[in-house]
Amino acid sequence: MKPLPALELVTRFEDAEWLDPLAKSVRKAVLKVVKPRWARDVLHGVPIGHPVHPLAVQVPIGAWLSAGVLDAVPGGEKAARLLIGVGTASVIPSALAGFTDWSQLHPQQQRVGLVHAAANVTATGLYIASLVQRSTGSKGGGKVLAYLGLATVSAGGFLGGHLSYRQAAGVNHSEEIPHRFPSGWQPLAPLAELPEGGLHNREVAGIPLLVHREGGTVNVLSDVCSHLSGPLHEGKIKDHDGDPCVVCPWHRSTFSLRTGEVKAGPATSRQPLFETRVTGELVEVRLPGADG
C-alpha cells in the first residue's frame, strides 16, 4: 500500500528551512513567557513521567468533536455551543504545554511543529467565530465555521501524530536499552582506567554507557539522553542538593548520576540505571530487567 500524498507534503515541511527564522522568534517568545524552570518542568510533564500536551489536547478535541455530533442532530445546538466554549477555553493550557515542549526540539521537528500549531490556532479562531455567529442568531453559519474548525484541528492532529511517532518528539529515546542489553553481569573497564569525578563514555554490547566514579563507587547510566538522544558524556556535572547530576549538552535535561532520576526537563523519562560491582580490579555492570 502506498503512503498517502499528505505524508509527502508533511515530509517537505521537515526540510522547510524558510520556517527557521519564524521558529527562532517563536522559541524566544516561549522561553520569555514560560521563564521559571519549575513551570517549564510542570508543562513538560516531569512530575507525571511523560509529556502533558497529549493529555491536555484531549479536552478541546473531545469537546469540539462532540459538538460536531450534536450539531448534526435536532435540538443539540445549545449543548454544542457549550462544548465549543469549553473546548476553546481549554486551548490555552494545552497550547502552553505544546509550545514548551516544541521549544526544546530539533529544527526538523520544530518546522513541522510550527505548521501543527498554525493549524490549531486557525481551528481555534474558527471556533471563536462560530460562537460569535451563534450569538448573533446565525446558527447555520456557526455550524459551518465549527465544521471547518473540526477539519482544521484534525489536520493539525495528523501533523501532531507525525511529529510524535514519525519524528519521535516526546518519546523515551532510551526505552529500547533493556531489550538490547544482555542479561547478567558484563565487563565494563578496569577501575584504574576510570578517573574519579569526570564523565566517561564506555560501550558494552554495542550500548553506549555514561560512567562516573565516586571513590570506590561507580555510577553507570545510559549515555543516550531519554529526551532526544543527546550524548550525556559531553555534558557537565552539576550538584543538586548533594546529589551529583549530569546536564545534557543538547537541551539541558538533568539526571541524577546515582539514580537516573530526572531532576530537570525537558526530559520526562529517567535514564536506565546499571548496577555495578568491582571484581578484582574489573568493574562489571548489570541492567536489572534486561532481556537482551
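Reading guide: rules and limits
Residues numbered from 1 in each chain as written. Predicted model: local features only at pLDDT ≥ 70, side-chain atom pairs only at ≥ 80, totals over all residues. Heavy atoms only, no water. Helix = DSSP H or I, 4+ residues; strand = E, 2+ residues; numbered from the N terminus. Contact = heavy atoms within 4.5 Å. Buried < 20%, exposed > 50% of the residue type's maximum accessible area, 1.4 Å probe, protein only. Salt bridge = Lys/Arg side-chain N within 4 Å of Asp/Glu carboxyl O. UniProt positions renumbered as here; feature names shortened; annotations may be inferred. Phe/Tyr/Trp six-rings, centres within 6.5 Å; stacked < 30°, edge-to-face > 60°.

**With respect to the environment of Leu282**
Move 1: Residue placement: Leu282 occurs in strand S10 (residues 282-286).
Move 2: Once the C-alpha coordinates of Leu282 and Trp102 are considered, the two residues, 180 residues apart in sequence, prove to be 43 Å apart.
Move 3: Every residue in contact with Leu282, bar those within four places of it in the chain, is listed here: Pro187, Ala189, Pro190 and Arg277.

**So, helix H3 (residues 37-44)**
Move 1: Every buried residue belonging to H3 is among Ala39, Arg40, Asp41, Leu43 and His44, and all of these are buried.
Move 2: In this structure, the buried residues of H3 make contact with helix H2 (20-33), helix H7 (91-102) and strand S8 (262-264).
Move 3: At the exit of H3 stands Gly45, carrying a positive phi of roughly 105°.

**Description of the pattern of salt bridges**
Any two side chains of opposite charge can pair, so long as their charged atoms come close to each other.
Move 1: All chains considered together, the criterion is met by 11 salt bridges.
Move 2: In this structure, Lys263 engages Glu261 in a salt bridge whose closest nitrogen and oxygen atoms are separated by 3.7 Å.
Move 3: Relative accessible area serves as the criterion here: at 24%, Lys263 is assigned to the partly exposed category.
Move 4: One network of salt bridges, in which partners are shared, links Asp71, Glu77 and Arg134.

**Concerning the UniProt feature "domain: Rieske" (unreviewed entry) in the chain**
Move 1: Taking the UniProt record as the reference, the feature "domain: Rieske" (unreviewed entry) is found at residues 186-285.
Move 2: Between the end C-alpha atoms of residues 186-285 the distance is 5 Å, and the span holds 0% helix and 51% strand.

**A short note on the packing of aromatic side chains**
Move 1: Under the criterion given, the structure shown has 3 aromatic pairs.
Move 2: Consider the rings of Trp64 and Tyr127, whose centres lie 4.2 Å apart with planes at 15°: the pair is stacked. Here Tyr127 lies in helix H8 (residues 107-135) and Trp64 lies in helix H5 (residues 58-71), a separation of 63 residues in the sequence. The exposure classification of Trp64 matches that of Tyr127, with both residues buried.

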